[in-house]
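# Observations on chain architecture
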Amino acid sequence: MNDEEIRRVLGLLYQDDTLRTFASLVLGANGGLSPKSLRKLAAGGLAACDDDGKWRATPERFRDLLRAHAEPAEELSPEERVLRTFLVDGRLTTMAMRRDKRLVVLRYIATVFEPGVRYAEKDVNVALRAFHDDYAALRRYLVDEELLSREDNVYWRSGGHVDI
């Protein structure tokens, strides 16, 4: 498959008559459709005629085009897979229930705190709110797992890995 096939499919969907016909097929309508539009859609792989003369949409054509042009998936480490599961656009969607997965997420979150720097509780809250609205729970998890330490409402990073 090449770029020309993608342009052909997009061109068919750009034209009002073929777009309307394709939409009708997707919705299950079969009567009153333009034979010319049906032939165009069939030539582009977006429609097919059954043995009994009934037309149907073939939206799997989109999947085939995507697969043909998709970049090979990159290999993810187990930690990266966990992070992609629980973080979307940098925000925590839910906290992992299993401790091993929760630790992966918490170690990642802990990296926003610089080793050797002391943070006031309000600064920790601001940093954690970027990940989730329940920053107090995150703060508690980080302290419980000894990734942050606390004394007199002052926090510092005490665990996790450090990039050098």
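The following refers to the structure shown.

Definitions and cut-offs
Residues numbered from 1 in each chain as written. Predicted model: local features only at pLDDT ≥ 70, side-chain atom pairs only at ≥ 80, totals over all residues. Heavy atoms only, no water. Helix = DSSP H or I, 4+ residues; strand = E, 2+ residues; numbered from the N terminus. Rg over C-alpha atoms; globule rule 2.2 N^0.38 Å. Buried < 20%, exposed > 50% of the residue type's maximum accessible area, 1.4 Å probe, protein only. Contact = heavy atoms within 4.5 Å. Areas by Shrake-Rupley, 256 points an atom, 1.4 Å probe, with all protein chains shown as cover. Lys, Arg positive; Asp, Glu negative; His and termini not counted. Charge placed at Lys NZ, Arg CZ, Asp CG, Glu CD. Phe/Tyr/Trp six-rings, centres within 6.5 Å; stacked < 30°, edge-to-face > 60°. Lys NZ or Arg CZ within 6 Å of the ring centre and 35° of its normal. Pairing = 2+ DSSP bridges. Axes fitted to C-alpha atoms, helices over the stretch in contact; angles between N-to-C directions. Core = buried A, V, L, I, M, F, W, Y, C linked by side-chain atoms within 4.5 Å. Parallel < 35°, antiparallel > 145°, perpendicular 65-115°, else oblique. Nonpolar A, V, L, I, M, F, W, Y, C, P; charged D, E, K, R; others polar.

Moving on, we get to the overall build of the chain. Helix and strand content of the chain: 8 helices and 7 strands. Since a compact globule built from 164 residues should have a radius of gyration of about 15 Å, the 27 Å found for the chain marks it as more spread out than a globular shape. C-alpha extents for the chain along the principal axes are approximately 80 × 30 × 25 Å. Counting across all 164 residues of the chain, residues that qualify as buried make up 30%. Residue pairs at least 24 apart in sequence account for 47% of intrachain contacts in the chain once pairs closer than 6 positions are excluded. As displayed, the chain offers around 11000 Å² of accessible surface, 50% of which is attributable to carbon and sulfur atoms. Computed over 26 positive and 28 negative side-chain charges, the inter-centroid distance for the chain is 4 Å.

To continue, consider the packing of aromatic side chains. For the structure shown, the criterion picks out 3 aromatic pairs. Measuring from centroid to centroid gives 6.0 Å for Phe-22 and Phe-62, while their planes differ by 85°, and the two rings are edge-to-face. With Phe-22 in helix H2 (residues 16-26) and Phe-62 in helix H4 (residues 60-69), the pair connects residues that are 40 residues apart, well separated along the chain. A ring pair is formed by Phe-113 and Tyr-119, whose centres lie 5.2 Å apart and whose planes are at 75°; its orientation type is edge-to-face. By relative accessible area, Phe-113 is classed as buried at 1%. Residue placement shows Arg-118 over the ring face of Trp-156; its charged tip is 4.0 Å from the ring centre.

Another point: the side chain of Thr-58. Relative to the elements of secondary structure, Thr-58 occurs in the loop between strand E2 (55-57) and H4. Excluding residues within four positions of it along the chain, Thr-58 makes contact with Phe-22, Gly-45, Leu-46, Ala-47 and Ala-48.

Quick look at the sheet that holds strand E7 (residues 154-157) now. Ordered by their spatial adjacency, 3 strands build an open sheet running E5-E7-E6, and the pairing between neighbours is antiparallel. Every interior strand has two partners, whereas the edge strands, strand E5 (118-120) and strand E6 (148-151), have only one. Averaged over all pairs of adjacent strands, the angle between strand axes in this sheet comes to 30°, irrespective of strand direction. The pairing of E5 with E7 spans 3 bridges and is antiparallel. Pairing of Arg-118 across the sheet is with Trp-156, part of E7. Seen against the sheet, helix H7 (residues 121-129) touches E5, E6 and E7 and runs at an angle of roughly 85° to E5.

All right, on to the nonpolar core then. If you look at the biggest cluster of nonpolar residues, it comprises 22 residues, and the most contacted ones within it are Leu-138 and Leu-142. For this core, the secondary-structure elements that each account for two or more residues are helix H5 (78-86), helix H6 (99-110), H7 and helix H8 (135-144). The element best represented in this core is H6, accounting for 5 residues. With residues near it in sequence (within four places) discarded, Leu-138 still touches Leu-92, Met-95, Leu-106, Ile-109, Leu-128, Phe-131 and His-132.

Every second residue of E7 is oriented toward a common face, the buried set being Tyr-155 and Arg-157 and the non-buried set Val-154 and Trp-156. Sheet analysis places E6 next to E7, joined by 4 bridges and oriented antiparallel. Note on E7: the bridge partner recorded for Glu-151 is Val-154. Here E6 folds back onto E7, and the loop between the two strands holds 2 residues, one of which, Asp-152, carries a positive phi near 55°.

Running from amino to carboxyl end, H5 crosses H6 at an angle of 85°, the nearest separation of the two axes being 9 Å. Classified by the interaxial angle, the pair formed by H5 and H6 is roughly perpendicular. For the pair formed by H5 and H6, the contact residues are Glu-79, Val-82, Leu-83 and Phe-86 on the first element and Lys-101, Val-104, Val-105 and Tyr-108 on the second. Taken together, the residues that form the contact of H5 with H6 break down as 6 nonpolar, no polar and 2 charged.

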